Amino acid sequence: MTGSGDMSRRRGRSGLWFFVLILVCAVFLLPLYWTVVTALRETGRPLPRHIEWFPSPAIWGNFRTVFEVVDAGRFALNSLVIASVAVPATIVFASLAGFAMSQLPHRYRVRLVAVSALCLMVPLTAIWIPRFLLFKEAGLMNRRVALMVPSLMGTSPFFVLIFLWAFSTVPKEVYDAARLDGAGAYRIWAGIGLPQAKAAIGTVGVLAFVHYWNSFVEPLLLMRTSDKFTASLGLRTLYSLDGTNWPIIMAGSLLTIVPVVTVFVLAQRAFLRDLRNMDRRVG
Amino acid sequence: MTLARWWQRNSQRVALNSMLLPYLIGLALLVIGPGLAGFALSLTDYNAIQSPSWARLENFRRLPHDQIFRIAVFNSLLYIVLAVPLRLIGALALAKLLQRPRRSSMVVRAIVYLPTVIPDLAWALIWLWILNPLYGPLNQLLELVGIDGLAWMVDPSTARIGIVLMMVWQLGEGFIVCLAALGSVDPDLPDQAAIDGGGTWSTFRGIILPTIAPVLLILVFRDTIFSFQANFVPALILGKGGGPDYATMYLPMYIYTTAFGYLRFGYAASMTVAMYAITGIILLLQYRLTHRWHDGFGRHE
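Small disclaimer: the values here were computed from a predicted structure and weren't measured. (Residues numbered from 1 in each chain as written. Chains lettered and ligands numbered in written order. Predicted model: local features only at pLDDT ≥ 70, side-chain atom pairs only at ≥ 80, totals over all residues.)

**Quick notes on the overall build of chain A**
Put simply, the rule is: A helix here means a DSSP run of H or I that spans at least four residues, while a strand means a run of E at least two residues long, and both kinds are numbered starting from the N terminus. Our radius of gyration looks at C-alpha atoms and nothing else; its globule reference is 2.2 Å times the residue count to the power 0.38.
When helices and strands are counted, chain A shows 13 helices and 0 strands. Helices and strands appear in chain A in the N-to-C order α-α-α-α-α-α-α-α-α-α-α-α-α. Taking 2.2 N^0.38 as the reference for a compact globule, 283 residues should give roughly 19 Å; the C-alpha atoms of chain A span a radius of gyration of 24 Å, well beyond that estimate. Summarising its shape, the C-alpha atoms of chain A cover approximately 80 × 75 × 30 Å along the three principal directions.

**Regarding the overall build of chain B**
Going by this rule: Using C-beta atoms placed from the backbone, we call a residue buried if 20 or more other C-beta atoms fall within 10 Å of its own, exposed if 12 or fewer do, and partly exposed for counts in between. In this description, any two residues whose backbone-derived C-beta atoms lie within 7 Å of each other are considered to be in contact.
Each helix and strand in chain B was counted, giving 13 helices and 2 strands. Its C-alpha atoms give chain B a radius of gyration of 24 Å, clearly above 19 Å, the size a compact globule of 301 residues would have. Along the first, second and third principal axes, the C-alpha set of chain B runs to 75 × 70 × 40 Å. Out of the 301 residues in chain B, the part that is buried amounts to 39%. Sequence separation of at least 24 residues holds for 66% of the intrachain contacts in chain B that already meet a minimum separation of 6.

**With respect to the interface of chain A and chain B**
Definition in use: By the convention adopted, Pro, Cys, Tyr, Trp, Phe, Met, Ile, Leu, Val and Ala count as nonpolar, Lys, Arg, Asp and Glu as charged, and the other residues, Gly among them, as polar.
Taken together, the 68 residues of chain A in the interface contact 67 residues of chain B. Where the side of chain A that touches chain B is concerned, the elements lending two or more residues are helix H1 (3-39), helix H3 (72-103), helix H5 (124-137), helix H9 (185-196), helix H10 (198-214), helix H11 (217-222), helix H12 (231-241) and helix H13 (246-282) of chain A. Per element, the largest residue contribution to the side of chain A that touches chain B is 16 residues, and it comes from H13 of chain A. A per-class count over the side of chain A that touches chain B returns 50 nonpolar, 13 polar and 5 charged.

**Structural notes on the packing of helix H8 (residues 172-184) of chain B against helix H10 (residues 200-230) of chain B**
All names here are of chain B. To be explicit about the condition: Here an axis means a line fitted to C-alpha atoms, over the contact stretch when the element is a helix, while the angle between two N-to-C directions is reported on a 0 to 180 degree scale. With respect to orientation, any angle under 35 degrees is reported as roughly parallel, any angle over 145 as roughly antiparallel, any angle of 65 to 115 as roughly perpendicular, and every other angle as oblique. Less than a right angle of anticlockwise turn of the near helix away from the far helix marks a crossing as left-handed, whereas a clockwise turn marks it as right-handed.
Where H8 contacts H10, the axes come no closer than 10 Å and their chain directions differ by 170°. Taken together, the axis directions place H8 and H10 in an arrangement best described as roughly antiparallel. The two elements H8 and H10 meet at a crossing, and its hand is right-handed. In this structure, H8 contributes Gly174, Val177, Ala181 and Leu182 to the contact, and H10 contributes Ile212, Val215, Leu219 and Asp223. Of the residues assigned to the contact of H8 with H10, the class counts are 6 nonpolar, 1 polar and 1 charged.

**Looking at the environment of Gly252 of chain A**
All names here are of chain A. Residue position: Gly252 is located in helix H13. The exposure class of Gly252 is buried, given the 31 C-beta atoms found within 10 Å. It is 20 Å that separates the C-alpha atoms of Gly252 and Trp53, two residues lying 199 residues apart in sequence. Apart from residues no more than four positions distant in its own chain, Gly252 is found in contact with Val66, Leu235 and Leu238.

**Concerning the nonpolar core**
Heads up, the condition is: Joining buried Ala, Val, Leu, Ile, Met, Phe, Trp, Tyr and Cys residues through C-beta atoms within 7 Å gives a set, and that set is a nonpolar core.
In this structure, Phe163 of chain A together with Leu125 and Phe175 of chain B are the most contacted members of the largest nonpolar core, which totals 159 residues. Sort the elements by how many residues they give to this core and H3 of chain A lands first, with 15 residues. Those residues within four positions of Phe175 of chain B in sequence are excluded, and the remaining contacts are Ala91, Leu94, Ala95, Val112 and Tyr113 of chain B.

**Things to note about the environment of Phe74 of chain B**
All names here are of chain B. Counting through the fold element by element, Phe74 comes out in helix H3 (residues 67-97). On the neighbour-count criterion, Phe74 (13 C-beta atoms within 10 Å) is partly exposed. C-alpha separation for the pair Phe74 and Val273, spaced 199 residues apart in sequence, amounts to 16 Å.

**Concerning the confidence of the model for chain B**
All names here are of chain B. Test applied: A residue's pLDDT is the confidence the predictor assigns to it, expressed on a 0 to 100 scale.
Looking at chain B as a whole, the pLDDT averages 88, with 93% of positions reaching at least 70. Mean pLDDT in chain B bottoms out at helix H9 (residues 188-195), which sits at 68, and peaks at helix H5 (residues 120-130), which reaches 96. Model confidence for the complex: the whole-complex pTM is 0.90, and ipTM, which rates the interface, is 0.90.

**Brief notes about unusual backbone geometry**
Cis geometry marks the peptide bond from Gly243 of chain B to Pro244 of chain B, where omega comes out at -10°. By the secondary structure assignment, Pro244 of chain B is in the loop between helix H11 (232-237) and helix H12 (251-261).

**Observations regarding helix H4 (residues 103-117) of chain B**
Condition: Multiplying 1.5 Å by the helix residue count minus one yields the expected span of that helix.
Across its 15 residues, H4 of chain B extends 22 Å between first and last C-alpha, which sits within 8% of the 21 Å expected from 1.5 Å per residue. Along H4 of chain B, the residues classified as buried are Arg109, Val112, Tyr113, Leu114, Pro115 and Val117 of chain B.

**A short note on the confidence of the model for chain A**
Residue and element names in this part refer to chain A. Across chain A, pLDDT averages 89, with 90% of residues at or above 70. Taken element by element, the predicted model of chain A shows its lowest mean pLDDT in H13 (78) and its highest in H3 (96). Overall, residues 279-283 carries pLDDT values under 50, and its contacts beyond four positions in sequence, including any with other chains, amount to 9 contacts.

**Focus: the environment of Leu254 of chain A**
Residue and element names in this part refer to chain A. The residue Leu254 is located in helix H13 in this model. Take Leu254: there are 21 C-beta atoms within 10 Å of it, and that puts it in the buried class. Once the C-alpha coordinates of Leu254 and Val36 are considered, the two residues, 218 residues apart in sequence, prove to be 7.3 Å apart. Apart from the residues lying within four places of it in its own chain, the contact partners of Leu254 are Thr35, Val36 and Ala39.

Set out below in structure tokens:
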């Protein structure tokens, strides 16, 4: 095997690799691309019989139309208010629970992790009905507060586990030293734990924002009047008004997508890297 | 005095417990409690207007004779058989492809994860448009390469495929887990195998796959359970409530219709209990199956 032959083979392989990469990108971006093309299409024109790769002319006013047809500003505001309360609350309560779990004796921690994992295994479908009846009895029907309530438990056991892993990476001696200095558990959580868990805060923050912004089934069950509707519920209203006006439906869909995708793109580097490193930390 | 001393000794512990309290109360009230309440509710007739009346096992006796329930169980199982392996293989293949932490693969990783963060409702509407048999871009793309388009959500058999298809794109979670699992494989192991003369595929099959098998099994478990909630919005939007001809009437869709459409909460709760049982059986089967598969590997070596 000569050196140059090896090199050209390697170059051939890396060329193939790039081709596959581009193919993967195309496949995963195509649905979104088609959404954009359709969202910018003129509404009055008959729908296309052959594939269209570019909207001509591009009608940016379709987005304004969405706001005229439904109270989209209200829906977006509701979702934003819910997320802006629930996301910080999620970070606080999930990190508190994760921190406590990291500090408790081993046998308690094992049990708490087991309970958390078990709770992650419960399909949400199975708790729709009892939860609905519970919220109804508690007088939380048609109140936006109902959608924020899960943040008081850290939203998901998964978020608590992410924090547990993050806090477990800090050497035990660091915590012990602070304790000898007379710092209480809350002081150690705020002063030593959280600054060490910035990546976890970012990850949970992104995931929690995606969760609350995207949430559809819970508001579908609990919210009754359209002034309480969230972005996704509002999008369903838009769809039910005229289910064949595809440019407007796609424009509305894009409007609900843009905030999550923006947050994701801004945070994806830290987010993807952090989740990737997670299992190494456990081990 | 004694109280003060007790506090001095236990203040740390009390503070830690108080940190855990919101989480544990939340789990009890919002997850464990409702999970168990479903069992009690399944033994009643309840329409959320009048107070519940005791029905004993009447709901469960009715279930096997309910045509739609049987269809829903069949559809749910079919969905799991199709979607879970496809999503796993896709996630694993993409993770293997993008395993090396190059700059370009970091960008592609983000793109692969992107569909997963899109709101379920928007994603369902997008696919309702993509799968439109006449005007949808997918059929038009197929036409471009000379393939006749499918009827998708108009025909029961293609409707099932359509729902599975749209869920394959949202495999980001599994993808991340596979990346983490591959990253945790000792890098010397595959190198050793390469020296021993193994090809890429045989190294992957013989060394990497058995090493990450436990993670993959958990992923299969999770995806199976997740499938009992994930196909609700697609069935609601693309299937317009379980259609065409009940082809997308999955268990979550039927539970939702029974409870919140017909206000038969007790009967719907009995379906969730059946759903627990079905999930349990599937998980057991998957566990036994992979165990045998894993043993097979052991004997091979």
